[in-house]
Amino acid sequence: MANSNTILKNPALLPDQDYAGLRKRGLEYIQQLGTALWTDFNEHDPGITILEALCYSITELGYRVSLPMEDLLTAQDGTIPSSQVFFTAKQILTQSALTPDDYRKLLIDIPNVHNAWVQGGTAEVPLFADCKHDTLTYQQTDYPVDISGLYRVLLDLDDDPRLGDLNDGEIDLAVYLPSGGSGSGITLNLTLVFPSWKCVTDPSLFTIDLQNSGAIPVAFATFPNPQNAGQITITYPTGNFSGSLTLNTVSSGASPNAATLQALFTTPDTMSGYNLFTQKVFQHYLKKIQTAYLAVQSTMRTLRRHRNLCEDFVSVDSIRDEEIAFCFDIDVAPGADINTIQANVWLVIDNYLDPPVNFYLLKEMLAKKDDQGLPLYTIDQIFEGPRLKHGFIDTAELDNSQLVTCIHASTLISGIMAISGVLGVRNFLMTAYDNNGPVTGETAQRWCLKIKDGYKPVLSVEKSKVVLYKNQIPYLANQAAVARLLQQLLSMQEKSKLTGHEDDLPVPVGTWFPLDGYSSVQYLFPITYGIGEAGLPSTATDARKAQARQLKAFLLFFDQLLGDFLEQLKNAPSLFSTDNIVQTYYAQFLSDFPDYASIYTPDSTGILLQDQVLDHPDSTVAAPLAANGWERLYEPNETFTDRRNRFLDHLMARFAESFNEYAFLMYSLNEATQQETRIDPADLIASKVAFLKEYPRLSYDRAKAYDYCPMDKAFHLLPDKLWYTDNVSGLEEKLCLLGGFKDPGGGMKSFYRRFLRCIGPAGSGPGEVQLSIQAHQTPGGIKYNYALSIGSPPIVSPDYNSLTMLNTALMNYLTSNSLLNDCSCEGLYLFEHLLLRPRSTAYNLAPVCLEKDCTTCGEDDPYSFRISIVLPYWPAHFNNLAFRSYFEELAREEAPAHCMVKVCWINQDSMLSLELQYFSWIYALASYTSDPTDINSYFLNEANNDLLNTLFSLHSEYPVATLHDCNESTNTNPVTLGKTILGTINN
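The structure presented is a predicted model; accordingly, all values stated were derived computationally and were not measured.

**Examining the overall build of the chain**
Piece 1. Scanning the chain from N- to C-terminus turns up 26 helices and 29 strands.
Piece 2. Projected onto the principal axes, the alpha-carbon positions of the chain cover approximately 130 × 85 × 65 Å.
Piece 3. For the chain, the proportion of its 987 residues judged to be buried stands at 48%.
Piece 4. Taking the contacts inside the chain whose residues are at least 6 apart along the sequence as the reference set, 71% of them involve residues at least 24 apart.
Piece 5. Counting only carbon and sulfur atoms, one obtains 53% of the accessible surface of the chain, whose full area is about 49,200 Å².
Piece 6. On the chain, the mean spot of the 69 positive side-chain charges and the mean spot of the 113 negative ones are 4 Å from each other.

**A short note on the sheet that holds strand β4 (residues 144–145)**
Piece 1. Overall, antiparallel pairing links the 3 strands, which are arranged β3-β2-β4 in an open sheet. Since the sheet does not close on itself, it has two edges, and those belong to β3 (135–137) and β4, each with one partner.
Piece 2. Taken together, the 3 bridges between strand β2 (residues 127–130) and β3 define a ladder with antiparallel strand orientation. In the strand pairing of β3, Phe128 is matched with Thr137.

**Regarding the layout of surface pockets**
Piece 1. Its boundaries defined by the atoms lining it, the second largest pocket holds a volume of some 1,400 Å³.
Piece 2. Lining the second largest pocket are 42 residues, and of these Tyr293, Gln297, Met300, Met711 and Ser930 lie nearest its centre.
Piece 3. With 11 residues, helix α7 (residues 276–305) is the largest single contributor of residues to the lining of the second largest pocket.
Piece 4. For the lining of the second largest pocket, a count of residues per class yields 21 nonpolar, 9 polar and 12 charged.

**A short note on the sheet that holds strand β24 (residues 769–778)**
Piece 1. Across the sheet, 3 strands lie side by side as β24-β25-β26; this open sheet has antiparallel pairing. Strands at the two margins of the open sheet, each flanked by one partner only, are β24 and β26 (795–796).
Piece 2. As judged from the 2 bridges shared by strand β25 (residues 781–790) and β26, these two strands associate in the antiparallel manner. Paired with Ala787 across the two strands is Val796, which belongs to β26.

**Observations regarding the state of the cysteines**
Piece 1. Going through the model one piece at a time under the given rule, you end up with 1 disulfide.
Piece 2. Cys406 shares a disulfide with Cys448; S-S distance 2.1 Å. Separated by 42 residues along the polypeptide, Cys406 in strand β17 (residues 406–408) and Cys448 in strand β20 (residues 448–450) bring together distant segments of the chain.
Piece 3. Owing to a relative accessible area of 17%, Cys406 belongs among the buried residues under this scheme.
Piece 4. The thiol sulfur of Cys709 is not disulfide-bonded, and the nearest other cysteine sulfur, from Cys310, lies at 20 Å.
Piece 5. Note on Cys899: no disulfide assigned, nearest cysteine sulfur contributed by Cys310 at a separation of 3.6 Å.

**Observations regarding the packing of aromatic side chains**
Piece 1. On inspection of all chains with the given rule, the structure shows 44 aromatic pairs.
Piece 2. Judged by centre distance (6.0 Å) and plane angle (20°), the rings of Phe755 and Phe919 are stacked. Taken together, the positions of Phe755 in the loop between α22 (730–738) and β24 and Phe919 in helix α25 (residues 908–930) put the pair 164 residues apart, joining distant regions of the chain.
Piece 3. Joined through ring pairs, the aromatic side chains of Trp723, Tyr724, Phe755, Tyr829, Phe831, Tyr918, Phe919, Trp921 and Tyr923 make up one cluster.
Piece 4. Just above the ring of Tyr433 sits the side chain of Lys463; from NZ or CZ to the centre is 5.4 Å.

**Concerning the pattern of salt bridges**
Piece 1. Evaluated as defined, the whole model comprises 27 salt bridges.
Piece 2. Arg426 serves as the salt-bridge partner of Asp329, at 4.0 Å between the closest nitrogen and oxygen. Highlighted residues: Asp329 in strand β14 (residues 320–332) and Arg426 in strand β18 (residues 422–434), separated in sequence by 97 residues.
Piece 3. For Arg426, a relative accessible area of 32% corresponds to the partly exposed category.
Piece 4. For the salt bridge of Lys452 with Asp434, the shortest nitrogen-to-oxygen distance reads 3.2 Å. Of this pair, Lys452 sits in the loop between β20 and β21 (455–459) while Asp434 sits in strand β18; the two residues are 18 residues apart in sequence, bridging distant segments of the chain.
Piece 5. Accessibility expressed as a relative area gives 30% for Lys452, which makes it partly exposed.
Piece 6. One connected set of salt bridges, linked through shared partners, spans Glu124, Asp312 and Arg837.

**Observations concerning α7**
For an α-helix, the turn length of 3.6 residues means that residues three or four places apart are oriented alike.
Piece 1. Taking 1.5 Å per residue, 30 residues should reach 44 Å; α7 reaches 43 Å between its end C-alpha atoms and fits that length.
Piece 2. In terms of residue burial, α7 counts as a mostly covered element, since 21 of its 30 residues are buried.

**Re the environment of Ser956**
Piece 1. Tracing the chain through its elements places Ser956 in the segment after α26 (934–951).
Piece 2. What makes Ser956 buried here is its relative accessible area of 18%.
Piece 3. With residues near it in sequence (within four places) discarded, Ser956 still touches Val903, Cys904 and Trp905.
Piece 4. Reaching out from Ser956, the side chain makes a polar contact with the backbone nitrogen of Trp905 at a distance of 3.1 Å.

**Some remarks on the nonpolar core**
Piece 1. Among the nonpolar cores identified, the biggest contains 115 residues, and Ile869, Phe887 and Trp921 are the most heavily contacted of them.
Piece 2. If you look at the next biggest cluster of nonpolar residues, it comprises 51 residues, including Val175, Phe206, Ile208 and Ile216.

**Remarks on the environment of Ile867**
Piece 1. Mapped onto the elements, Ile867 comes out in strand β28 (residues 866–872).
Piece 2. Considered as a pair, Ile867 and Leu834 are 33 residues apart in the sequence and their alpha carbons are 8.6 Å apart.
Piece 3. The residues touching Ile867, leaving out its near neighbours within four places in the chain, are Leu309, Cys310, Leu830, Phe831, His833, Cys899, Met900, Val901 and Lys902.

**Some words on the packing of helix α23 (residues 803–817) against α26**
Piece 1. At a closest axis distance of 9 Å, the pairing of α23 and α26 adopts a crossing angle of 60°. In this view, α23 runs oblique relative to α26, as classed from their interaxial angle. Across from Leu803, Thr804 and Asn807 in α23, the residues of α26 making contact are Phe939, Glu942, Ala943 and Asp946.
Piece 2. Tallied by class, residues from the contact of α23 with α26 come to 3 nonpolar, 2 polar and 2 charged.

**Side note on helix α5 (residues 100–108)**
Piece 1. Among the 9 residues of α5, 7 are classified as buried, and the element is accordingly described as predominantly covered.
Piece 2. Buried within α5 we find Asp102, Tyr103, Arg104, Lys105, Leu106, Leu107 and Ile108.

**Details of empty space enclosed by the protein**
Piece 1. Scanning all chains against the criterion turns up 5 cavities of 30 Å³ or more.
Piece 2. Here the largest cavity is characterised by a volume of approximately 140 Å³.
Piece 3. Pro386, Arg387, Leu388, Gly391 and Phe392 are, among the 14 residues lining the largest cavity, the residues nearest its centre.
Piece 4. By volume, the second largest cavity amounts to about 70 Å³.
Piece 5. With 3 residues, strand β27 (residues 829–832) is the single largest residue contributor to the lining of the second largest cavity.
Piece 6. Its residues assigned to classes, the lining of the second largest cavity comprises 7 nonpolar, 1 polar and 3 charged.

**Topic: the environment of Asp909**
Piece 1. When you line up the elements, Asp909 lands in helix α25.
Piece 2. For the pair Asp909 and Arg757, spaced 152 residues apart in the sequence, the C-alpha separation amounts to 8.4 Å.

**Comments concerning the confidence of the model for the chain**
Regions with low pLDDT should not have their predicted coordinates read in detail.
Piece 1. In this model, the chain carries a mean pLDDT of 87, and residues with pLDDT of at least 70 account for 93%.
Piece 2. At the low end of the mean pLDDT range in the chain sits helix α19 (residues 660–668), at 63; at the high end sits β27, at 97.
Piece 3. Note on residues 669–676: pLDDT is under 50 here. Beyond four places in sequence and across chains, it has 14 contacts.
Piece 4. Low confidence marks residues 983–987, where pLDDT is under 50. Its contacts with residues over four positions away, or in another chain, come to 9 contacts.

**Some thoughts on a nonpolar patch on the surface**
Piece 1. Judged by side-chain polarity, Tyr19, Tyr56 and Leu524 come together as a nonpolar surface patch covering roughly 300 Å² of accessible area.
Piece 2. Considering the arrangement of structural elements, one finds Leu524 in the loop between α13 (479–493) and α14 (542–570).
Piece 3. According to the relative accessible area criterion, Leu524 is partly exposed, its value standing at 40%.

**Quick notes on unusual backbone geometry**
Most peptide bonds take the trans form, and the phi angle of most residues other than glycine is negative.
Piece 1. The phi dihedral of Ala444 is positive, around 50°, even though this residue is not glycine.
Piece 2. Turning to its location among the elements, Ala444 is positioned in the loop between β19 (437–438) and β20.
Piece 3. Here Ala444 falls in the partly exposed class, since its relative accessible area comes to 45%.
Piece 4. In this model, Phe865 sits at a positive phi of 55°, which is unusual for a non-glycine residue.
Piece 5. Its location among the elements puts Phe865 in the loop between β27 and β28.
Piece 6. By relative accessible area, which is 22% here, Phe865 ends up partly exposed.

What counts, and where the lines are drawn
- Residues numbered from 1 in each chain as written.
- Predicted model: local features only at pLDDT ≥ 70, side-chain atom pairs only at ≥ 80, totals over all residues.
- Heavy atoms only, no water.
- Helix = DSSP H or I, 4+ residues; strand = E, 2+ residues; numbered from the N terminus.
- Buried < 20%, exposed > 50% of the residue type's maximum accessible area, 1.4 Å probe, protein only.
- Contact = heavy atoms within 4.5 Å.
- Areas by Shrake-Rupley, 256 points an atom, 1.4 Å probe, with all protein chains shown as cover.
- Lys, Arg positive; Asp, Glu negative; His and termini not counted.
- Charge placed at Lys NZ, Arg CZ, Asp CG, Glu CD.
- Pairing = 2+ DSSP bridges.
- 1 Å grid on protein atoms, 1.4 Å probe; cavity = no way out; pocket = protein on both sides within 12 Å on 5 of 7 lines; lining within 4 Å.
- Points joined across faces, edges and corners; volume = space filled by probe spheres on them.
- Nonpolar A, V, L, I, M, F, W, Y, C, P; charged D, E, K, R; others polar.
- Disulfide = S-S within 2.5 Å.
- Phe/Tyr/Trp six-rings, centres within 6.5 Å; stacked < 30°, edge-to-face > 60°.
- Lys NZ or Arg CZ within 6 Å of the ring centre and 35° of its normal.
- Salt bridge = Lys/Arg side-chain N within 4 Å of Asp/Glu carboxyl O.
- Expected span 1.5 Å × (residues − 1).
- Polar contact = N/O pair within 3.5 Å; in protein donor to acceptor, adjacent residues only side chain to side chain.
- Core = buried A, V, L, I, M, F, W, Y, C linked by side-chain atoms within 4.5 Å.
- Axes fitted to C-alpha atoms, helices over the stretch in contact; angles between N-to-C directions.
- Parallel < 35°, antiparallel > 145°, perpendicular 65-115°, else oblique.
- pLDDT = per-residue confidence, 0-100.
- Patch = residues over 30% accessible without salt bridge, like charges linked within 9 Å, V, L, I, M, F, W, Y side chains within 5 Å.

Okay, structure coming up:
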């Protein structure tokens, strides 16, 4: 609706801004209360004057309260403070990749990745159910077990303008050969086909520093068959690779013979002693395979960083091309330009075989319209999915760019017929080609051409033939002109990765107003009252002065209410923030009216209200400490904690989050025998504030798993992100925050991966225990040792023949030397069973529970979508059954719905054994993933076997209980079937 420029005759006022309405209601109220004592309600009456002055002041309050929320929250510098729980669309509407489309967007956002497809994968080794013996086995049976949650990724790397298609090792070159002495020459268009990045057998080629010319080795070319230049071998100091050489076209003159081509690659330079052309070809090839390798490594690192819980990626590979040749005739209008039609035909085919996936600006996404002219996408739809660096991807375009598995001639003919000037398409045939020539069974297909699995169809213009007919006269297009037009058309439709673009919606800001500014109601009274700026005349009697002061004191009651209300309004941003505030009620000292000092009565020490209370507001002093002046007059600690918690509950409710169940434990845990487990309201406030501050990240990562092989930009393993680290799943972090777990100190948070069994001398903090376990090759085979430091020089162990022996020796050493009995470390470990799957037949298999007839209902698969959460049972907070019940329910609610969660509370000895094996497994998995050598493979095998056996043998410990007869009190912990053990607390 357009803005109205007219003035309303009867504007509708809110009740608190309607002076006449307020005055009327005030009179009605006075009449109800004071009819027996007060009968004169005329305007000259002092009581009516007071009423009118107060009504007028209330309208000012109403005006300020009705200001837009952005005005109320805007600070004096014109910004809304970051402590306000207002998150931008990019912060709060996005989430880590969850669906296949999300992962595709995430991968396409990587430099040099053109497209990507996420497909179902299979485990490294097949598993089978042996129902007769109630076990899993590697031996084939009639009941295969397919592990779910595994995926493989196919990448379509970019077609680089300089390097060509990064999916292959092909190099296209234009070489000028001068002819002897005549000043003219010929240009040769050559194609060299070398191994693609994934077929390179020498990993050192990926590590050569191309920025340092001195680091590039000298390469030489040889031709195995001197009579044929078609086969070429490039030799460098540490190896060689072979390829093929094809002469495509010659600009003019006769094609050179084999000897001439060989000389181009083999004739040494007189200065350097080696062939400079071969060296340039070698460098070009290195640049190509390194660029492709970098894109694939970036993809693998990105997938691990954004892996979902109970999911993993077993392989990442680049797509292989399958060339498709098209042969058909086109009837065109007499006036049509055949070069333009030919270029548009190739464009239609190319877009069908490889639909473009473009990047858009935010404003472009907002400008997209549907057929009715309405916005195509809402804000939440635009920001749905992972945060991208290079713009926004249209989900509809992404859906249209699925990998083509069958080419349908009808679809292509329909698209070609839509080209302006095309009258008909005849004799349509398709043929597929691979490196060995035409694909068997896929030649001269009329209606449907199937594409091999793992291949992408690519238009081969060279192998295709299109004849255009005008009035039944055949024409062939100018291929050079067609190529230029096609390149122009492709560039016009392409929207490449964007940089430096606006990709978020800012939080709106308003106009700052001095909301707490207040002038006493005393200034609204006529001068005859003697309480305004003029005051009383010097001739006024003491009695008259006393009357004026009495009226001032009477009005100060209303002044204080009104002034405090405005002060409260000014501090509304603090109430709805994550700041560390010490009050939820606010007050101001009113001193802008004449003779204010005579109205306030100092206390026995001569200190006024301002100095004693208002200048030192603090409601955080809790019993048994004595309440301060502010708490006695304005806000007791109990009121503060209640109100602060309710404000924070409101902020959390905006995101459908709640601490209510946790807060209810304040009462369920507050039994006479369990006082030590009562939740401190201040701790509850701190937990809520911490949760809200981290909420954008918690929300974004809520389904994300931990990165089991963290790497830096150079793809080097980061060991410091494996232990004593925040590299944990989003679920672990959220559970620790919602569970109110206490931080261990030393800069660590409760959700950090660390030792939960207290190790070290008294006073040693978390992180001061340094442990490393190494696997190394010895003449006697692979052996292990550890280096342990607890605030002292490391103790290096002798070699152990197995990881089990090492962990046993390490646990015995710690038990006898450096374990603390007084340990209340709160935290948890989360195990994804999928990561414990076997990588070879040497791995132990998880136990199962099978029926003889194999009617297992999923019980034959202990790996897919299963999570075990292990916690210490000994902290008093964790040893309460009410808290355990709350936490176990919370874990199942917050975990992804398709994941089965098991929670286990274990004792100190079991915890020490488990975490030593977990520590070994964490490092073994990271080492094997980053460098899959035989040593690291064996290391992971042993670590996986040890952890698997221990994890599946854990059982929960329960609080010690006592038996009662019917006449005894049951305040102490009663026996509960299935949840109680009898005995002592010593384990």
